[in-house]
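Descriptive structure summary
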Amino acid sequence: MRTLPTEMIRVLIPFAPLFSKRVFEHVRVLVAGAILAPGKRTVSSALRAMGLDRERSFHRYHRVLSHAKWSSRAASRVLLGLLVEAFVPEGPLVVGVDETLERRKGKKIAPKGIYRDPVRSSHSHFVKASGLRWVCLTLLAEVPWAGRVWALPFLSALAYSERYAEENGKRHKPITRWAWQLLVLVRRWHPEREIVAVADRTYASLQLLERCRALGKPITFITRLRLDAALYEPAPPREPRQKGRPRLKGERLPKLLAVSEDPNTAWMPITVSNWYGGGERAVEIVSETAVWYSTGLPAVPVRWVLIRDPGQGAEFDTEALVCTDLSVDPERIISWFVRRWQMESTFRECRERLGFETQRHWSEMAIARTAPAMLALFSVVTLLAHRRGRTISNSVRRSAWYDKRHPTFSDALALVRRQLWEHETFCGLPREADTVKVPRELVKRLTDALCYAA
């Protein structure tokens, strides 16, 4: 039986009630193996990394994902609780909403579809890819030892293709519907906390915004807004004995594009810290409240914020944000929204460092469990590194051409790997005949190379 370091056991033990005793033993091995294995993250590679390539009962580890009875939704709830306790013990929970594509091919991958590849596409070049589309929620929290905000995945849902829905007698749901269902889960899990959801323009849906606003304890939703959106004044109060339905809106307001081009618009200069993962950025803003309405859809009271570059040669086009909470300051709306960019970094790290998209399961149960588990592994590694305290701050890998002052995810992953290798399970004493004298500096360099291997 492979044992794990005490710190890793403390992080994984809250998940134990979700599994049977035997299955949880296999889960611990698979988690440690997925952290240690370079390259593809398959069950076989995890077993090899744990020294179990001679295990005759290897099929039991495969059945953890394909047959064992456990709830990934319950595991997401436990993971979110651990993340909140470690990084956001108080204050609002800022949750990022986005989708990522897992490129998969093959006849047995039934839920797959053809989607735009966000990694390979650009504004002028459109690339399609076959794969599975996952709607993912991440906790956008400040990681103290990293010196910046990280996007920590904790809950994912497979938005199956329209073809798969028709073939299986299911109703096709757009990704805004999936996002709504995931956000409702977060609200149920943390009914007492303020929740702020930030998303890109894909989720700028009046139905989604109205549902978040109409909850008993609303979810503040922030997203991009089109510059030609139809905005109106609030509906005037009803007159005494007035007949007919109540009005939803008042007079039409100028489009935001006209507001941005109007020379009489009073722009206010501000400085935004951590602008899309970078440093401070000086911008100019203007903000007002309005009612966003489209025929046949709910009328949603919103606060809009216009942002433009004050420089002569504008480095970015004028853009607009919309928030369902009218009382929030525009500066805070921008500071919450720019955190969303960290989700792109997390998805990239999951592909490069944790082997996302390299899993090879094809049963429906394993497909539904494996990708969310690989995304959640990013958060688990972050929690394990956070448990090391000051050790992570002193384990930054530097080079002559890269002056890195704060740890990154590669440093956190290397620290966790080193902790596993130094455990008694992996550091058995060699036989005298196999002992070779190797310079200590060479051993250190080889160990660092293995820890940072992707």
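Here, the structure is the one placed above.
Overview of the structure. (Residues numbered from 1 in each chain as written. Predicted model: local features only at pLDDT ≥ 70, side-chain atom pairs only at ≥ 80, totals over all residues. Heavy atoms only, no water.)

1. With respect to the nonpolar core
Counting 144 residues, the largest nonpolar core has Ile-35, Phe-154 and Ile-334 as its most contacted members. Counting residues per element, this core draws most heavily on helix α12 (residues 364–387), at 13 residues. Once you skip the residues sitting within four places of it in the chain, Phe-154 turns out to touch Ser-76, Leu-79, Leu-80, Leu-83, Val-95, Leu-137, Thr-138, Leu-139 and Val-186. Counting 5 residues, the second-largest nonpolar core is a separate cluster that includes Ala-230, Tyr-232, Val-291 and Tyr-293. (Core = buried A, V, L, I, M, F, W, Y, C linked by side-chain atoms within 4.5 Å. Buried < 20%, exposed > 50% of the residue type's maximum accessible area, 1.4 Å probe, protein only. Helix = DSSP H or I, 4+ residues; strand = E, 2+ residues; numbered from the N terminus. Contact = heavy atoms within 4.5 Å.)

2. Brief notes about the pairing of strand β5 (residues 195–199)
Most of β5 is tucked away: 5 of the 5 residues are buried. Side chains Ile-195, Ala-197 and Ala-199 of β5 all project onto a buried face; the interleaved residues Val-196 and Val-198 project onto the opposite face, where all are buried too. Where strand β1 (residues 93–103) and β5 come together, 5 bridges link them in parallel fashion. When the bridges of β5 are listed, Leu-93 appears paired with Ile-195. (Pairing = 2+ DSSP bridges.)

3. Side note on unusual backbone geometry
A positive phi is found at Arg-241, a non-glycine position, where the angle reads about 60°. Unusually for a residue other than glycine, Asn-274 sits at a positive phi of about 55°. Assignment of secondary structure puts Asn-274 in the loop between β8 (268–272) and β9 (281–292).

4. A look at the packing of aromatic side chains
Describing an aromatic ring pair means giving the distance of the ring centres and the angle of the ring planes. Throughout the structure, instances matching the rule amount to 12 aromatic pairs. Summarising the aromatic geometry, the rings of Tyr-232 and Tyr-293 are spaced 6.2 Å apart at their centres and angled 70° between planes, so their arrangement reads as edge-to-face. Of the two residues, Tyr-232 is situated in strand β7 (residues 231–232) and Tyr-293 in the loop between β9 and β10 (300–308); the sequence distance between them amounts to 61 residues. Take Tyr-232 and Tyr-293: they sit in the same class, and that class is buried. For the pair Phe-378 and Phe-409, a centre-to-centre distance of 4.2 Å together with 15° between the ring planes defines the contact as stacked. Residue Phe-378 is found in helix α12, and its partner Phe-409 is found in helix α14 (residues 409–421); the two are separated by 31 residues along the sequence. By the burial criterion, Phe-378 is buried, and Phe-409 matches it. Three or more aromatic residues joined by ring pairs make a cluster, and in this case those are Trp-145, Trp-150, Phe-378 and Phe-409. In this structure, Lys-108 is placed above the aromatic ring of Trp-362, and the distance from its NZ or CZ to the ring centre is 4.2 Å. Taking the ring centre of Tyr-232 as reference, the NZ or CZ of Lys-249 above it sits at 4.6 Å. (Phe/Tyr/Trp six-rings, centres within 6.5 Å; stacked < 30°, edge-to-face > 60°. Lys NZ or Arg CZ within 6 Å of the ring centre and 35° of its normal.)

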